[in-house]
Structure formats: C-alpha cells, structure tokens
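# Geometric and topological summary
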Amino acid sequence: MTIRRDETATEDRLAQAAAWRVRLSEAGADSMPEFEAWLETLENRAAWHQLSRSWDYFDQVAQSPEILAARQAALADAQKTRSRLAARANMRLVGSIAALLLFAILGAGGYWWANRPQDYQTAIGERRVVILSDGSKLSLDADSEVTVRYGAHARSLHLLRGQARFDVAHDRSRPFSVVAGNQKVIATGTAFNIDMAGPKVLVTLIEGHVLVLQADSNINMPDYGARVIELKAGQQLAAGTAAPPQILPANIQRVTAWTIGQIVFDDEPLSSVVERVNRYGGTRIVIADPAVGAMKISGVFNAGDVVGFVGIVTHYLPVRAVSSDSSTIALESTAKRNGAL
C-alpha cells in the first residue's frame, strides 16, 4: 500500500508540474507567487526539475527539423506509459498527465517561435543601425552582436560582444534592459552606450536615467541585483573582474565617435588601441614586443584607415612598421632594431 500511495503522489506532483508549465507559458511569466509557494515543497521541486528537463529540450529545438519526430515519440511514450499503468487502475490520472505533457510539448514550439530572440550581428569593419519594433534604435559597432527579445511586459536585450548604442523609446510599462557580462542596464526611455571590446565593461549614460544591476561574477547563473548603481547623464560605469566598479565622468563625444566612423584614444596603451583598430578591418596589425604594446598614444583616427593609423604611430612613437605579407603589419621598436644593427 505504501508503494501504491507513493506512486500516486508522484504522479499527482508531475501532473501539477505540467499544469504549472502550461500556465506560466500562457502567461509569458517565469514565475508567480502561487507557483513559488507550490515550489517550496521538496517533492514538488523534484517533480518540477524532472518535467523541466524534457520541457527545456523541446523549447530549444521546437523549430528544428527533428521536432515532428520528437512530438510523435513523446505521444508514443505517453501512450506506452498509460498502457503500462492501466493495470494499476490509474488510467484517468495518467491520461491527464500524458495530455498535459503533450500539450506542453506541442505548445512550447509555437510559444518559442512567437517569442524567440532576434539576433543582430556585424562583421569586422561593419557598422549597422536597426530600428526595433517599438521605435527604439540599436546601433551596432564592428564585430558586435546583440539579441533582442520583446514581450508584453519587458524588452530584454543581451550584448554578447563588441559595442552598441541604445536609443530607447519611452515605455514605462515595459522596462528596457540590456545584459552585458555581469551588468544589467535597466531603462524606460533614454540613450546609453555599452562597450565590451576592452578589458572592462563600460556603460555610458548619454541622456536620461538608468539603473545598473550587478551580479556576482563567481556564480554560473548571475542573479542580477547584488549591487544596484544609478547613473546620471554624462557618467560612465567601468566594471571589471579584478577591481570594484568605478563611476567616472564621461566624454560623450569621444565615447560615441564610433557611430560616425571615428576612433578616439586618450593616453591608452598601444596594445589595446591596436586591438580596437583591428576590429574595423583592413590589414591586420600585430605587436610582438610587450614594451611596444605598453607605449601610450592619443589621437583621433578614421575607422578602417590602417595605413593612416600606422603612419601616425610610427611618426610619433619610436616604432617602425614591418610588413611580412600583404595582410599583416608588425610594429616593432626602432631602438631594438637599431641596437641589433
């Protein structure tokens, strides 16, 4: 009798878990207070995780060529399970579980397709401006990528690499958020720039108001909100992994120069300058000597004008350009070359 009661309880919890999956998906929500209360029970959490493994798989491949076969297999498994348990006089409960699971699997594909993130990318040397469905403007720097997912209650973006400017259409009912590394910028209507091309994530507020939620960089699934920082127009948040975040005054013209095809540097190491210049295409520049990479340089350069950049660098710094082939220019110290002669 104990075994029978345990089986029935497990089936009940799986049915409840399936029902919650459907309810949350229909609501477009990750959670709700009633669900969190149900999830407090250890047995309910186990049932939820068991169901979620199958759900997550189908959510990821909902529109893949194999989805029809997977759905048919799920239906066959449900029918087999119902047949095996028929002798236990539990046909009605098992049928409900199978129907809920199948409905969830079939519905997941349509829900995922309707709410799938859109991906915007640029190649090396390419810049792109995208007008989003709400009128917000997304400006992508070279070699950058942003995913966009708009829902009924939120506008969620993720800067995966590179640099982007966000001019946000005002909508107080749908906060506009951008995740970049361990930073999550939240706004309703404003303009800001995020740069991930260097060793730090730089969030610069051009106008309006934003909150930056920071997560612990040591956890696998960041829980944004460990620290909350408010930025004012003209401020820049510099966040790295080795030091506490800093809020500094920003030169907006310099930060946004890339949007008009210029790169501005102010007393920066040549190594980081070259790394950024290379993102705009043309002949690739390499630095083999750390001493050369540590040299500082300032100036305004046209993005993609490698020849002009190399000419200025070799004029003002003790370095020379050596071309080993048509696709690469090496910068090396003139002092080292002269000493070797």
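Scroll up to find the structure.
An account of the accompanying structure is given in this report. (Residues numbered from 1 in each chain as written. Predicted model: local features only at pLDDT ≥ 70, side-chain atom pairs only at ≥ 80, totals over all residues. Heavy atoms only, no water.)

### Focus: the overall build of the chain
This is how it is decided: The helix and strand labels rest on DSSP assignments: H or I over at least four residues marks a helix, E over at least two residues marks a strand, and numbering proceeds from the N terminus. Buried residues are those whose accessible area, probed at 1.4 Å on protein chains only, stays under 20% of the maximum for their type, while exposed residues exceed 50% and partly exposed ones sit between those limits. Any two residues having at least one pair of non-hydrogen atoms within 4.5 Å are treated as being in contact.
A tally of regular secondary structure across the chain gives ten helices and 19 strands. The buried share of the chain, reckoned over its 341 residues, is 40%. If you take every contact in the chain between residues at least 6 apart in sequence, the share linking residues at least 24 apart comes to 49%.

### As for the sheet that holds strand β2 (residues 128-131)
Our working rule: For two strands to pair, DSSP has to find at least two bridges joining them. Convention adopted: a line fitted to C-alpha atoms gives each axis, helices being fitted over their contacting stretch, and angles between N-to-C directions are expressed from 0 to 180 degrees.
Read across the open sheet, the seven strands follow the order β2-β3-β6-β9-β10-β13-β14; overall the sheet is antiparallel. Since the sheet does not close on itself, it has two edges, and those belong to β2 and β14 (246-249), each with one partner. The sheet shows a mean angle of 20° between the axes of neighbouring strands, taken without regard to direction. Here four bridges tie β2 to strand β3 (residues 137-140), and the two strands are oriented antiparallel to one another.

### Observations concerning helix α9 (residues 306-316)
Note: α-helices contain 3.6 residues per turn, so residues at a spacing of three or four share the same orientation. For clarity, the threshold we go by: This arc is built from the directions going out from the helix axis to the C-beta atoms.
Within the sequence span of α9, burial applies to Val306, Phe309, Val310 and Val313. With its buried residues spanning 95° around the axis, α9 presents them on a single face. Exposed positions of α9 whose direction lies more than 90 degrees from the buried face are Val307, His315 and Tyr316. Looking at the buried positions of α9, the neighbouring elements they touch are α7 (270-277), β16 (284-287), β17 (296-302), β18 (319-325) and β19 (328-333).

### Description of the side chain of serine 333
The residue serine 333 is located in strand β19 in this model. On the basis of relative accessible area, serine 333 is assigned to the buried category, the value being 11%. With residues up to four places along the chain from it excluded, the contact list for serine 333 reads Asp289, Val292, Pro318 and Val319.

### Focus: the packing of aromatic side chains
Test applied: Stacked, edge-to-face and tilted labels apply to pairs of Phe, Tyr and Trp rings (six-membered ring for Trp) whose centres lie within 6.5 Å, assigned for plane angles under 30 degrees, over 60, and everything in between, in that order.
In total, this model carries seven aromatic pairs according to the counting rule given. Among the aromatic residues, those joined into a cluster by ring pairs are Phe35, Trp38 and Trp48.

### Thoughts on the nonpolar core
For clarity, the threshold we go by: Side-chain atoms within 4.5 Å link the members of a nonpolar core, which is a set of buried Ala, Val, Leu, Ile, Met, Phe, Trp, Tyr and Cys residues.
Core analysis: the biggest nonpolar cluster contains 28 residues, and Leu138, Leu157, Phe166, Phe176, Phe192 and Ile194 have the highest contact counts within it. With sequence-adjacent residues up to four places away left out, phenylalanine 166 is seen in contact with Lys137, Leu138, Leu157, Phe176, Val178, Thr190, Ala191, Phe192 and Ile194. Of all hydrophobic cores here, the second largest spans 22 residues; its members include Ile263, Val273, Val274 and Leu317.

### Focus on the environment of alanine 164
Here alanine 164 lies in strand β6 (residues 163-167). Linking alanine 164 and tryptophan 258, residues 94 residues apart in sequence, is a C-alpha distance of 9.7 Å. Each residue touching alanine 164, except ones within four places of it in the same chain, is listed here: Leu138, Ser139, Leu140, Val146, Leu159, Phe192, Asn193, Ile194 and Trp258.

### Here we look at the sheet that holds β18
Taken together, the three strands give an open sheet; going across it, the order is β16-β19-β18, and neighbouring strands pair in mixed fashion. Only two strands of the sheet have a single partner each, and these edge strands are β16 and β18. Across the sheet, the mean angle separating the axes of adjacent strands is 30° when strand polarity is ignored. By the bridge criterion, five bridges tie β18 to β19 in an arrangement that is antiparallel. When the sheet's bridge partners are listed, valine 319 is paired in β19 with serine 333. Docked against the sheet, α7 engages β16 and β19, running at close to 160° with respect to β16.

### Things to note about unusual backbone geometry
Although it is not a glycine, aspartate 143 sits at a positive phi angle of roughly 50°. One can find aspartate 143 in the loop between β3 and β4 (145-150). For aspartate 143, a relative accessible area of 26% puts it in the partly exposed group. Here aspartate 267, not a glycine, exhibits a phi torsion of approximately 55°, which is positive. By the element assignment, aspartate 267 lies in strand β15 (residues 262-269).

Bear in mind that shape data such as this cannot, by itself, settle questions of function.
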